[in-house]
Amino acid sequence: MAAPAEPLPPVIYTMENKPIVTCAGDQNLFTSIYPTLSQQLPREPMEWRRSYGRAPKMIHLESNFVQFKEELLPKEGNKALLTFPFLHIYWTECCDTEVYKATVKDDLTKWQNVLKAHSSVDWLIVVVENDAKKKNKTNILPRTSIVDKIRNDFCNKQSDRCVVLSDPLKDSSRTQESWNAFLTKLRTSLLMSFTKNLGKFEDDMRTLREKRTEPGWSFCDYFMVQEELAFVFEMLQQFEDALVQYDELDALFSQYVVNFGAGDGANWLTFFCQPVKSWNGLILRKPIDMEKRELIQRQEATLLDLRSYLFSRQCTLLLFLQRPWEVAQRALELLHNCVQELKLLEVSVPPGALDCWVFLSCLEVLQRIEGCCDRAQIDSNIAHTVGLWSYATEKLKSLGYLCGLVSEKGPNSEDLNRIVDLLAGLGAERPETANTAQSPYKKLKEALSSVEAFEKHYLVSITNGSQGRTRMAQCHGMGLQRVAGRRKKSPQKAEIYLQGALKNYLAEGWALPITHTRKQLAECQKHLGQTENYLQTSSLLASDHHLTEEERKHFCQEILSFASRQTDSPGHKIVLPLHCFAQLRDLHFTPSNAVVHVGGVLSVEITMCSQMPIPVYVEQIAINVHFSIEKNNYRKTAEWLTKHKTSNGIINFPVETSPFPASQNNLPALELYEMFERSPSDNSLNTTGIICKNVHMLLRRQESSASLETPSGVALEDGAHVLKCSGVTLEPGANRITFRTQAKEPGTYTLRQLRASVGPVWFVLPHLSPRVQYDVYSQEPQLHVEPLADSLLAGIPQKVKFTVTTGHYTVKNGDSLQLSNAEAMLILCHAENRAVIYSNTREKASDVSLRVQSSDKVTSISLPAAPAYHMIEFELEVLSLPSAPVTGGDSSTLGVTEPHRKHKDTQKAGYCMATTDHKVSIDCPWSIYSTVIALTFSVPFRTTHSLLSAGTRKYIQVCVQNLSELDFQLSDGNLVDTGSSGDLQLVPLNTKTPQHIYSKQSVFFVWELKWTREPPPSLRCQFSVGFSPASEGRLSIPLKPYTYEFQVENFFTLYSVRAEILPPSGTEHCRTGSLCSLEVSITRLSDLLEVDKDEALTESDDYFSTKLMYEVVDNSSNWAVCGKSSGVISMPVAAQATHRVHMEVMPLFAGYLPLPDVRLFKYLPHHSAHSSQLDADSWIENDSLSVDKHVDEQLDSGSIKSRGSVHSASSSEHKGLPMPRLQALPPGQVFNSSTGMQILVIPSKDDHVLEVSVT
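Looking at an unreviewed UniProt entry, one finds the protein named Trafficking protein particle complex subunit 10 and attributed to Canis lupus dingo. UniProt, in its Subcellular location (unreviewed entry) section for the protein, records the words "Golgi apparatus".

This is how it looks when you write it as C-alpha cells:
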C-alpha cells in the first residue's frame, strides 16, 4: 500500500500551519472520510492542561492530514516543531480474515516497525465498518473478530489504540455515536502527544538559554528555537502565549545591549554592530518577513533588521489579539530604543539614514493600523497615534534641515548628493506597496524631491498629528512657518502660528517653551511693525527670569527707547497690562481703619514689585478712585465705620506666580452623587447612576480664552478723583509709593484702577482685587453720658462718664454744658476734675483741668477748647438720695407676721433692686435744643416689716436686705412714729454698735410698742438707718440715711384663743382611734374700742356684742373633727368675756401631735357695704356649722352652708337672696396661745401597724 516516495515540499511559515497527522493504510478510504473529519474535529474544544502551574485553556484542535512517509519522521537533533508529526493513524476497512492475514497484517507490521525505528509512540489504528460489504460476503466472521485480531497482534496492553468507526458516511444515530467516540479519542491522543512533545521542546529550549554565558552561544540560534515555540502557539491560535515568546526575546536582547553599553559585551553582538547600509523601515504587511528571518538564521542581520523582524511578528500577533493601539505604543518605544541602541553599540549610520528609517517606520505602523480599523475607531483613539505623527514630523523636519530644504536658497549640490545617497539606501520599493499611491516609500521620496513637496508633506504630517494635540501641531507648524517666513520674507504666517502655539503653551503651563516662543514672536512683531504687541511681548520678556540678564535688559531697553522717542501724535497712548511690568503686593492705609473725616488727610502706601531688570523712571503713578454716596443721603458715623472696618489697614494682593492659567491638576474635585429612579407604581428600582454636579467646572475649555499676548484692550478710566504720585524711579524688586489726599466730600471712595506711565506707554491694572475702599464722613456734634459701673447705686457717690464728640464743630473757650439739677440727685463738684481730649483715631491729644460750677438749679461745666472731629472725655460724680418706695397701708405685707421659715424661702427666691430714674436736661453750645438724659439708680436695699405679738405685748420687726454686690456698714437704726402720738412709745431692742451687712444678706431691727392709754387704730412709722460702703474709707461728703416708711393698722390684741384636748375619761393619754374632747376658749381682752364699731356690733340693754365665726381646721391631717367644726357666736364686747366651744376629735396617728388651728372671722350682716366675702375654703370645712346654744334660732347653722351647700344655695334655692359676709380678723387682733403646743397620743393596743407622726 505504500505510495512511491515524493520530494518533500519546503516549509512555508504562514498562519495556516496546523499540527501534522500522518495517514497510512487505505488512502482511498481516508479520502472519502476526510471532508467529514476536517469539519468535525475543531468543533468541540478541549481543555489543555500545561505544566509548571500554568492555567488551563480551552483550545480547538485542527490538523494537517498528510500521507505517511518515512521522510516525515524527525531525525535526531531536529528541533522544528512545525514539521513534526504529532500523531500517526492507520486506516483500514478490512472485514475478511483472509485478506487481513494476506495483506493488512503485513502492512501494519511494516508501519509499526518504521515508527519504532524513529521512537514514535503516538499512533492509532482505525477500523472502518461498512454494512454493505458484510452483506456481499456470507462467510465473514463477526466484525469483532478482525478488531480483536488487530488488538491482539498490535495493541496487547493498549487496546484503546484500535478504534472502530461504523458506517461513517451514513446518517444514523449509530454512526453519530461512532463518530463521537472516534473524535474524542483522536482529540485526546493528539492533545497528549502535543503536550508531551511541546514540554520536551520547552525543556530543551530552557537548557539552551541557560548556556547563554558559555563561549560560542549564539543569540540567533536561540532566537530560531524560541520562535519555533511561538510558531506552535500561533498555530494553536494561542496568540497571547506566542506574543510572550517574542517579548522574552526582545527583553533578552535589550539587556545584552544595555550590558554592552556598560562594558560587558557578548561576542555574538559583534554581528549586529556592522554598519547600516539599508534603512527601508519596518515591514508590517507580511505575517512573516522570510527575508529578514533568513538573515537572522544566517547571522547576517543588522540591528535594524533584527528589530524590524521582531516588531513585525509582535505587530502581527497584537493585531490578531485586536490590540492595534498597543501596536502604536510599542512602535514609538521601539523607534526611540533603536536610536539609543545604535549609539550604545556604536553602529556607523550615515547622516539622515536613521531619520529616514524612523519616518518610514512611523508611516508604516500608522498605515497598518488604519488598514485594520475603521475611521470611527481611529478618530476616537487619536491620542494613541499622535505620538507617531509627532515623531515622524520631527524626523521629516530634521531631514529638511539636513538636505537644505528649509534654507532660504534651497538645497545646494552637496545637499542634492546627500538626498541621492539617502534615496539609494532605501532600495527598491517593496512589491506589496508598489501599487499603493500613498506608501511611505513614495511619500519620503517625494518629500525629498523639492522644497515645495517637502513643505506639502510637512504640513500634511502636522495636520494628521494635530487632532487632539493642538499644542503639538501648532508647535511644529510654528517651526515650519518660522522657517518659511525667514526664507520668503513673510513673517505674517510665522506670527499666526507662533500666537497659536503660545496660546496652548500658556494653557498647559510650559514655562520654557513660552519664553522661547515669545522671543520668536517679538522678532516677527518687530518686522511687522506691530508696535503695541511688540512692546507688550518685550515687557513680558523683560520680566521673564528664564532669560539671561543681558536678554532681559535688551527687551527692557526696547521699551525705554520707544518711550523716549517723540511720536507723531502726542496724545496717543499705548496701554499695556501692569502685571508684565510690576506687581502690586500690598496696600496700607493711614489711618489704619481707612476712615477719615471731611478735611482730614488720608495716606495710601502701596508696595509695587518691579519686574524690570534695571531701574525705570516712571513719570506718574496714579490710582483712579470711584466716588459713591449712600442712598437717602445716609452718613455713616465714625463709630459705625470703625466697627465695620479692618483694624490693621493692610490689604494684601495675591501674588501672580505664573502668567498663565492653572493646569488641569488644579481643577476642582469631582462632586459625584448617586441617582435612583423608582417605579411610581410599586416603588421598585428602575435605574441607578452617578451624577456629577460640577460638570460645568470640569469641562470648561481652557484654551478658549484669549491669549495673553493679544492687545490688552484695557481702557483708561477718567474721573474727578485720582490719587497721583509723580517722578518715581522703580528699582528692581519691592518699591514703596505713598499717596496723600485731603477728604473733601463725605462718601465711599473705591480704588479702581492703578496705572503707571513711562512716556506714551501706560501700564494699567484694570481692577484691584480684593476691593479697596476708604470712607469719608461728616459727623454732627454729639453728647453721650454713660455710667462707669453696670448699674448706679442710690445713696453713694457714683461716677458718670461724659463723652463729647465734636464732629464738624470746633469747641471754643467759654463753651460750656448747662445741666439742670434734679431734686433727688446731686452733682458733686471736685477741684481735681480732669478732661482728656482725643483725636478721632483715639490718640490722646491733651489732658486739661475741668471747671465745674454748681448752683441751686444749674450745674455749669466749662469745656476745654478742642478742634473739630475730636473727643472730650471727663468723669463726674453724682449722688441719688436713698429712699425705699412708699408702702401703703393696704399692702399684703403690712402687719403680717411672717414665719422665719417662710422668710428664708422668700430670700432664696431672689429679688430685683428697685430703680429710680432721674432726668437731666443739658444745654449744649452747638444746639439750640436741650438734650435730655435719664440716669437710672438702683436702691441697694429691700426693706420689709412685720408685727409680732406675745399676748397683748406688740413688737415691730424691720428686715433690711442687701441686694447689691457691695458690702455696707449700717449704723444708727431708728424707728419713729410720724403721727406724733405722745402716748405711744417705741422701745428699741437693737445693739448700738454698727452692723456689717454683706452682699445678698439681711439684718433685722426690732422695737417694742408700749402705750399708756388706748392705742390708735393705725400707726405711721418711718425707719431710717445710716449706711456707707464697707470697702471705702472716709468719704468726702456725708451721706444721707436710708429711709423706709410704712403703716401698721389694727395692731391691738382683742381676742385670745386657747385650745385644749382632753383624753377620754379614765385614761391618762389619748389613743389613736379614740374620741377625745376639744375645748376652745375665746376670750375678749379689752372693752369697746374704736375698731369694734362696725356693722357686726349690736347693742343690748346691758352690753355690746359682736358676731364672730370660729372654725377648727387641721391642715396637717393629724386629727379628724367629729361633728360640726365651725359655728357663729355672739361675743360680748367686754374685757375677760369668754366663750367656750366643745367638740370631739379623733387622733389619726401616734406621737406628739400639734393641736388643730382655730380661726376667727367677723360675721357681718348682708347689708354690710364694706365687708369682703372670703373664699369658702377659708372659713368652712364641714357640711354644717356648730352654733352655740345661746345664739338666736334665726342664726341656726342651716343659714350657713358648707362649701357645697353654699354653691348650690347661691345657684338654686337662694338665688338672688343676700348672703352674710365674713371678714378675717387681722393677725394683730387675735392671739392664739395654743400655737406650738403638742399633745402625746399613744397607739391603740389593737393596732398591728404602728404609725407615728413626727413634727
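Let's shift gears to the overall build of the protein. Within the protein one finds 25 helices and 53 strands. For the protein, with 1255 residues in total, the buried portion stands at 45%. Sequence-distant contacts in the protein: of pairs separated by 6 or more residues, those separated by 24 or more amount to 75%. When the accessible surface of the protein is totalled, it reaches about 64,100 Å², and 50% of it is carbon and sulfur.

What follows is about helix H2 (residues 97-117). An ideal rise of 1.5 Å per residue puts 30 Å on 21 residues; H2 measures up with 28 Å between its terminal C-alpha atoms. The largest bend along H2 measures about 40° and falls at Val104. For H2, the complete set of buried residues consists of Thr97, Tyr100, Val104, Asp107, Leu108, Trp111, Gln112 and Leu115. Remark: Ser119 follows H2 within two positions and exhibits a positive phi of approximately 60°.

Moving on to the confidence of the model for the protein. Looking at the protein, pLDDT values average 80 and 83% of them are 70 or higher. Below pLDDT 50 for its whole length, residues 888-909 participates in 25 contacts with residues either more than four positions away or in separate chains. Within the model, pLDDT remains below 50 along residues 1168-1216, and this stretch shows 80 contacts once partners closer than five positions in the same chain are excluded.

Further remarks concern the sheet that holds strand S36 (residues 984-988). Within a sheet, each strand pairs with its neighbour through backbone hydrogen bonds, oriented either parallel or antiparallel. Spatial strand order, S33-S34-S38-S36: four strands in an open sheet with antiparallel pairing. In this open sheet, the two edge strands, each paired with only one partner strand, are strand S33 (941-950) and S36. For this sheet, the mean inter-axis angle between neighbouring strands, taken without regard to orientation, is 25°. Relative to strand S38 (residues 1002-1011), strand S34 (residues 953-962) runs antiparallel, the two being bridged by eight bridges. Residue pairing in the sheet places Ile956 in a bridge with Trp1007 of S38.

With that out of the way, let us pick up the nonpolar core. Formed by 124 residues in total, the largest nonpolar core has its most connected members in Leu37, Trp91 and Phe182. Residue contacts for Leu37: discarding those within four places in its chain leaves Phe30, Phe65, Trp91, Trp179, Phe182, Leu183 and Leu186. Listed in part, the 53 residues of the second largest apolar core include Ala563, Ile574, Val604 and Phe627.

Taken in spatial order, the four strands of this open sheet run S13-S9-S11-S17, and their pairing is antiparallel. Each of the sheet's edge strands pairs with one partner strand only, and the pair in question is strand S13 (650-652) and strand S17 (733-742). Looking at each pair of strands side by side, their axes are set apart by 20° on average, direction ignored. By the bridge criterion, 10 bridges tie strand S11 (residues 601-610) to S17 in an arrangement that is antiparallel. Residue pairing in the sheet places Val601 in a bridge with Gln742 of S17.

Below, the discussion takes up the state of the cysteines. A complete count under the given rule lists zero disulfides for this structure. With no disulfide of its own, Cys403 lies closest to Cys356 among cysteine sulfurs, the gap being 7.2 Å. On the basis of relative accessibility, which here comes to 0%, the residue Cys403 falls in the buried class.

Let us now look at the packing of helix H6 (residues 219-235) against helix H8 (residues 290-297). Closest axis-to-axis distance for the H6/H8 pair is 8 Å, and the angle between their directions is 135°. If you check the angle between H6 and H8, you find them oblique. From H6, Cys220, Phe223, Met224, Glu227 and Phe231 reach across to H8, where they touch Arg293, Ile296 and Gln297. Partitioning the contact of H6 with H8 into residue classes produces five nonpolar, one polar and two charged.

Moving on to unusual backbone geometry. The amide bond that connects Thr590 to the next residue, Pro591, takes the cis arrangement and shows omega of 5°. Note that Pro591 resides in the loop between strand S9 (582-590) and strand S10 (595-597). Put simply, Ser769 and Pro770 share a cis peptide bond, and its omega is 5°. As for its placement among the helices and strands, Pro770 is situated in the loop between strand S19 (761-765) and strand S20 (772-777). Positive phi, close to 65°, is recorded for Gln1136, a residue that is not glycine. Along the chain, Gln1136 falls in the loop between strand S47 (1126-1132) and strand S48 (1138-1147). Accessibility expressed as a relative area gives 55% for Gln1136, which makes it exposed.

This next bit is on the packing of aromatic side chains. Under the definition given, this model contains 42 aromatic pairs. With centroids separated by 5.2 Å and ring planes inclined at 5°, the aromatic side chains of Phe802 and Phe874 adopt a geometry described as stacked. Of this pair, Phe802 sits in strand S23 (residues 798-805) while Phe874 sits in strand S30 (residues 870-880), and the two are 72 residues apart along the sequence. Among the residues examined, Phe802 registers a relative accessible area of 3% and is labelled buried.

The next point concerns the packing of H6 against helix H9 (residues 303-320). One can describe the packing of H6 onto H9 by two numbers: an axis separation of 13 Å at closest approach and a directional angle of 10°. One way to sum up the angle between H6 and H9 is to call them roughly parallel. Across from Phe219, Phe223, Glu227, Phe231 and Glu234 in H6, the residues of H9 making contact are Leu306, Tyr309, Leu310, Arg313 and Leu317. Residues that form the contact of H6 with H9 fall into these classes: seven nonpolar, no polar and three charged.

Another point: the pattern of salt bridges. With the rule as written, the count across this model stands at 36 salt bridges. As a salt-bridge pair, Glu62 and Lys18 come within 3.6 Å of each other at their nearest N and O atoms. Of this pair, Glu62 sits in the loop between strand S3 (57-59) and strand S4 (64-67) while Lys18 sits in the segment before strand S1 (20-25); the two residues are 44 residues apart in sequence, bridging distant segments of the chain. In this structure Glu62 comes out as partly exposed when scored by relative accessible area, which is 31%. Classification of Lys18 by relative accessible area gives partly exposed; the value is 33%. Residues Asp289 and Lys292 are paired through a salt bridge, measuring 3.7 Å at the closest nitrogen-oxygen approach.

With that out of the way, let us pick up the side chain of Arg307. Within the secondary structure layout, Arg307 lies in helix H9. A distance of 2.4 Å separates a polar atom in the side chain of Arg307 from a polar atom in the side chain of Asp250. For Arg307, the residues in contact, after removing those within four places along its chain, are Asp250, Phe253, Ser254, Leu334, Cys338 and Glu341.

Our focus in this paragraph is the environment of Ala1135. Here Ala1135 lies in the loop between S47 and S48. Apart from the residues within four sequence positions on either side, Ala1135 is in contact with Arg1084, Leu1085, Ser1086 and Asp1087.

So, on to helix H18 (residues 491-508). In an α-helix, one turn spans 3.6 residues, which is why side chains three or four residues apart end up on the same side. Taking 1.5 Å of rise per residue, 18 residues should cover 26 Å, and H18 covers 26 Å from first to last C-alpha, within 8% of that figure. Every buried residue of H18 is accounted for by Pro491, Ala494, Glu495, Leu498, Gln499, Gly500, Ala501, Leu502, Asn504, Tyr505, Leu506 and Ala507. Positive phi shows up at Gly509, right after H18, with a value of about 80°.

Take a nonpolar patch on the surface next. Taken together, the side chains of Leu459, Ile496 and Tyr497 make up a nonpolar region of the molecular surface, amounting to roughly 260 Å² of accessible area. Along the chain, Leu459 falls in helix H16 (residues 451-465). Judged by relative accessible area, which is 35%, Leu459 ranks as partly exposed.

Topologically, Tyr673 is positioned in strand S14 (residues 672-678). Residue classification places Tyr673 among the partly exposed positions, given a relative accessible area of 41%. Linking Tyr673 and Lys693, residues 20 residues apart in sequence, is a C-alpha distance of 7.4 Å. Those residues in contact with Tyr673, other than ones at most four positions away along the chain, are Gly689, Ile690, Ile691 and Lys693.

Along the chain, Cys556 falls in helix H21 (residues 549-564). Put simply, Cys556 and Gln611 are 55 residues apart on the chain and 9.9 Å apart in space, counted from C-alpha to C-alpha. Contacts of Cys556, omitting those with residues within four sequence positions, involve Ala542, Met612, Pro613, Ile614 and Val616.

Rules used throughout
- Residues numbered from 1 in each chain as written.
- Predicted model: local features only at pLDDT ≥ 70, side-chain atom pairs only at ≥ 80, totals over all residues.
- Heavy atoms only, no water.
- UniProt positions renumbered as here; feature names shortened; annotations may be inferred.
- Helix = DSSP H or I, 4+ residues; strand = E, 2+ residues; numbered from the N terminus.
- Buried < 20%, exposed > 50% of the residue type's maximum accessible area, 1.4 Å probe, protein only.
- Contact = heavy atoms within 4.5 Å.
- Areas by Shrake-Rupley, 256 points an atom, 1.4 Å probe, with all protein chains shown as cover.
- Expected span 1.5 Å × (residues − 1).
- Bend = angle between axes of the 7 residues up to and from the residue.
- pLDDT = per-residue confidence, 0-100.
- Pairing = 2+ DSSP bridges.
- Axes fitted to C-alpha atoms, helices over the stretch in contact; angles between N-to-C directions.
- Core = buried A, V, L, I, M, F, W, Y, C linked by side-chain atoms within 4.5 Å.
- Disulfide = S-S within 2.5 Å.
- Parallel < 35°, antiparallel > 145°, perpendicular 65-115°, else oblique.
- Nonpolar A, V, L, I, M, F, W, Y, C, P; charged D, E, K, R; others polar.
- Phe/Tyr/Trp six-rings, centres within 6.5 Å; stacked < 30°, edge-to-face > 60°.
- Salt bridge = Lys/Arg side-chain N within 4 Å of Asp/Glu carboxyl O.
- Polar contact = N/O pair within 3.5 Å; in protein donor to acceptor, adjacent residues only side chain to side chain.
- Patch = residues over 30% accessible without salt bridge, like charges linked within 9 Å, V, L, I, M, F, W, Y side chains within 5 Å.

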